[in-house]
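Residues per chain, in single letters:
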Amino acid sequence: MLDNNYNSEVLQQLLPQKVRELIREGRLREPTAKMATRYTKGTLIVIPKCEAYDFLIYTQRNSKACPVLEVSDAGSKEFRLTAPGSDITRDISRYSIYERGELVGEADSLERYWRPDLVSFLLGCSRSFEAVLQFAGVQLRHVDDGYDIPLFITNIKTIPSGHLSSPLVVSMRPIKRQDLMKTMKITSLLEDIHGAPIHIGDPELIGIKDLRTPDFGAPLLLAEDEVPVFWASSITAKLALIRNRSEFLITQAPGHDFITDILSADLSSLME
């Protein structure tokens with residue numbers, strides 16, 4: 001459901017506090033990729049406190065894939081550092097609920113699922129740097145055409161923590177050859193949202209046999225002047241918890257990212 005007062009162009013320019021307010025009121029239920037586009041988006045991971053230590057260590061050992069923007073206190077519903085006044089249980093337009101590694105449902109609110117022992121992690125999301133790249137003149141065809149990014153499970157191992165382990169998951173964006181150096185330079189400065197690519201070019205070198213069959217998301221075929229560029233994805237963390245059959249896990253539904261109050265970059269510095 002899209003509020004008739006807010007078309008896609010208006011949503012791109014809204015402040016994150018306003019977007020979260022509209023979601024909380026039930027007036028926005030769409031994926032958030034094109035909302036408050038200058039602001040950092042995050043991947044939500046909510047798990048019981050008894051599993052939080054191993055997961056925190058996992059994120060520290062694999063920070064390229066799992067950059068931590070904030071960790072809540074147990075039972076807290078607010079990301080008070082990155083989004084003061086936020087409500088973790090109502091400020092995402094769609095949530096996914098897992099038990100023992102199995103998806104058991106989706107919800108527009110977490111109020112009926114909330115427990116005082118839950119700890120919320122907010123991990124950096126690579127969608128956050130797309131507006132920065134576009135501002136710098138890098139063409140992102142999938143954004144212009146309204147396509148989601150494909151994600152692939154690679155043959156690259158992450159560093160385990162306790163029982164948590166997973167192969168690295170990557171997102172892929174087709175980048176024009178002429179924009180490769182600019183793309184690498186810009187994203188390398190944005191470590192909190194995955195930083196520089198982990199691989200450019202031949203996907204088979206990282207265990208991806210066919211770009212037409214992503215593990216998550218939709219296929220995105222290359223044009224003749226484009227090269228596949230791969231970034232580490234925070235879906236790695238979600239996959240580690242699912243593979244471990246964690247007792248209880250909440251994430252946002254695909255594409256329904258949490259929007260923080262943090263600007264993805266100081267855009268004025270890119271104009272110099």
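Residues numbered from 1 in each chain as written. Predicted model: local features only at pLDDT ≥ 70, side-chain atom pairs only at ≥ 80, totals over all residues. Heavy atoms only, no water.

1. Focus: the confidence of the model for the protein
The condition that has to hold: Looking at any residue, its pLDDT shows the predictor's confidence there, from 0 to 100. Two residues form a contact once any of their heavy atoms are found within 4.5 Å.
Considering every residue of the protein, the mean pLDDT works out to 91; 94% of them sit at 70 or more. Contacts for the low-pLDDT stretch residues 266-272, under 50 throughout, to residues beyond four places or in other chains number 6 contacts.

2. Structural notes on the sheet that holds strand 7 (residues 167-176)
Definition in use: A strand pair is defined by DSSP finding two or more bridges across the two strands. Working definition: helices are DSSP H or I runs of at least four residues, strands are E runs of at least two. Numbering for both runs from the N terminus. Angular values range over 0 to 180 degrees, each being the angle between N-to-C directions of two axes fitted as lines to C-alpha atoms, with helices fitted over their stretch in contact.
Here we have 4 strands laid out as an open sheet, ordered 6-7-9-8, and antiparallel in their pairing. Both edges of this open sheet fall to strand 6 (151-157) and strand 8 (199-200), since each of them pairs with a single strand only. Relative to strand 9 (residues 226-232), strand 8 runs antiparallel, the two being bridged by 2 bridges. Its bridge partner lying in strand 9, I200 is registered against V229. Against the sheet, helix 6 (residues 180-188) contacts strand 7, strand 8 and strand 9, and its axis sits at roughly 15 degrees relative to strand 9. Contacts between helix 7 (residues 235-243) and the sheet are confined to strand 6 and strand 7, with strand 7 contributing the most and set at about 155 degrees to the helix.

3. A look at the nonpolar core
What tends to happen in soluble globular proteins is that the nonpolar side chains get buried as a cluster. Quick note on the threshold: Throughout this description, the term nonpolar core refers to a set of buried Ala, Val, Leu, Ile, Met, Phe, Trp, Tyr and Cys residues connected via side-chain atoms within 4.5 Å. Burial classes: relative accessible area under 20% of the type maximum marks a residue as buried, over 50% as exposed, and values in between as partly exposed (1.4 Å probe, protein chains only).
Core analysis: the biggest nonpolar cluster contains 26 residues, and I45, F55 and F230 have the highest contact counts within it. Counting residues per element, the ones that place at least two in this core are strand 1 (39-48), helix 3 (49-61), strand 5 (118-124), strand 7, strand 9 and helix 7. Residues within four places of F230 in sequence aside, it is in contact with F152, V170, S171, M172, P197, I198, H199, G201, P203, I206, I208 and L211. The next biggest cluster of nonpolar side chains, apart from the first, holds 16 residues, and it includes A83, I88, I97 and L110.

4. Structural notes on the pattern of salt bridges
Heads up, the condition is: For this document, the term salt bridge refers to a Lys or Arg side-chain nitrogen within 4 Å of an Asp or Glu carboxyl oxygen.
One pass over the structure, following the stated rule, counts 18 salt bridges. The salt bridge involving D91 is made with R24; its shortest N-O contact spans 2.8 Å. Placement of D91 in the loop between strand 2 (68-71) and strand 3 (95-99) and of R24 in helix 2 (residues 16-24) is noted, with a sequence separation of 67 residues between them. For E106, the salt bridge identified is with R94, shortest N-O distance 3.4 Å. Residue E106 is located in strand 4 (residues 102-107), and its partner R94 is located in the loop between strand 2 and strand 3; the two are separated by 12 residues in the primary sequence. When salt bridges that share partners are traced, they join R20, R24, D91 and D261 into one network.

5. Digging into helix 2
Here is the rule: Note that the arc is defined by the directions from the helix axis to the C-beta atoms.
Inspection of helix 2 places P16, V19, R20, L22 and I23 among the buried residues, and these make up the whole buried set. Along helix 2, the residues classed as buried sweep out an arc of 160 degrees about the axis, all on the same side. Tucked inside the fold, the buried residues of helix 2 contact strand 1 and strand 11 (258-263). With its phi angle positive at about 80 degrees, G26 sits one or two positions after the end of helix 2.

6. Regarding a nonpolar patch on the surface
Just so we agree on the cut-off: What makes a patch is a set of residues exposed beyond 30% relative accessible area and free of salt bridges, joined within 9 Å when like-charged and within 5 Å when nonpolar (Val, Leu, Ile, Met, Phe, Trp, Tyr). Values of accessible area rely on a 1.4 Å probe in the Shrake-Rupley scheme; residue burial ignores everything except the protein chains shown.
There is a patch of nonpolar side chains on the surface, built from M181, M184 and I200 and spanning about 280 Å² of accessible area. Looking at the secondary structure, you find M181 in helix 6.

7. Looking at the layout of surface pockets
Rolled over the atoms, a probe with the dimensions of a water molecule shows which regions are left empty. Spelled out, the test is: Think of a 1 Å grid over just the protein atoms. A cavity is a set of points where a 1.4 Å probe fits yet cannot get out, a pocket is an open set with protein on both sides within 12 Å along at least five of seven lines, and lining residues have an atom within 4 Å of a point. Grid points are joined across faces, edges and corners, and a volume is the space filled by probe spheres set on the points.
There is about 420 Å³ of room inside the second largest pocket. At the level of elements, strand 1, helix 7 and strand 10 (248-252) are the ones that each hand at least two residues to the lining of the second largest pocket. Top contributing element to the lining of the second largest pocket by residue count: helix 7, with 4 residues.

8. What to know about the packing of helix 3 against helix 7
Packed helices, taken two at a time, are described by the angle their axes make and the gap between the axes. Heads up, the rule is: In this scheme, roughly parallel covers angles under 35 degrees and roughly antiparallel covers those over 145, while 65 to 115 is roughly perpendicular and the rest are oblique. Note on convention: the crossing is left-handed when the near helix lies turned anticlockwise from the far helix by less than a right angle, right-handed when the turn is clockwise. Three classes are used, and their members are as follows: Ala, Val, Leu, Ile, Met, Phe, Trp, Tyr, Cys and Pro are nonpolar, Asp, Glu, Lys and Arg are charged, and the others, Gly among them, are polar.
The contact between helix 3 and helix 7 brings their axes to 11 Å, and the two run at 140 degrees. With respect to each other, helix 3 and helix 7 are oriented oblique. The two elements helix 3 and helix 7 cross, and the hand of that crossing is right-handed. Contacts from E51, F55 and Y58 in helix 3 reach T236, A237, A240 and L241 in helix 7. Residue composition of the contact of helix 3 with helix 7, by class: 5 nonpolar, 1 polar and 1 charged.

9. Remarks on the packing of aromatic side chains
Keep this limit in mind: Ring pairs are drawn from Phe, Tyr and Trp, using the six-membered ring of Trp, whenever the two centres fall within 6.5 Å, and their geometry is named by plane angle: stacked under 30 degrees, edge-to-face over 60, tilted for the rest.
Taken as a whole and assessed by the stated rule, the structure comprises 3 aromatic pairs. Residues F79 and F258 carry aromatic rings whose centres are separated by 5.3 Å and whose planes lie at 75 degrees to one another, so their mutual orientation is edge-to-face. One end of the pair, F79, is in the loop between strand 2 and strand 3; the other, F258, is in strand 11, and 179 residues separate them in sequence. For F79, a relative accessible area of 0% translates into the label buried. Note on F258: relative accessible area 0%, which makes it buried. Each ring, one from F129 and one from W231, has its centre 5.0 Å from the other, and the planes form 45 degrees; the classification is tilted. Pair noted here: F129 is in the loop between strand 5 and helix 4 (130-135) and W231 is in strand 9, with a separation of 102 residues, a long-range link.

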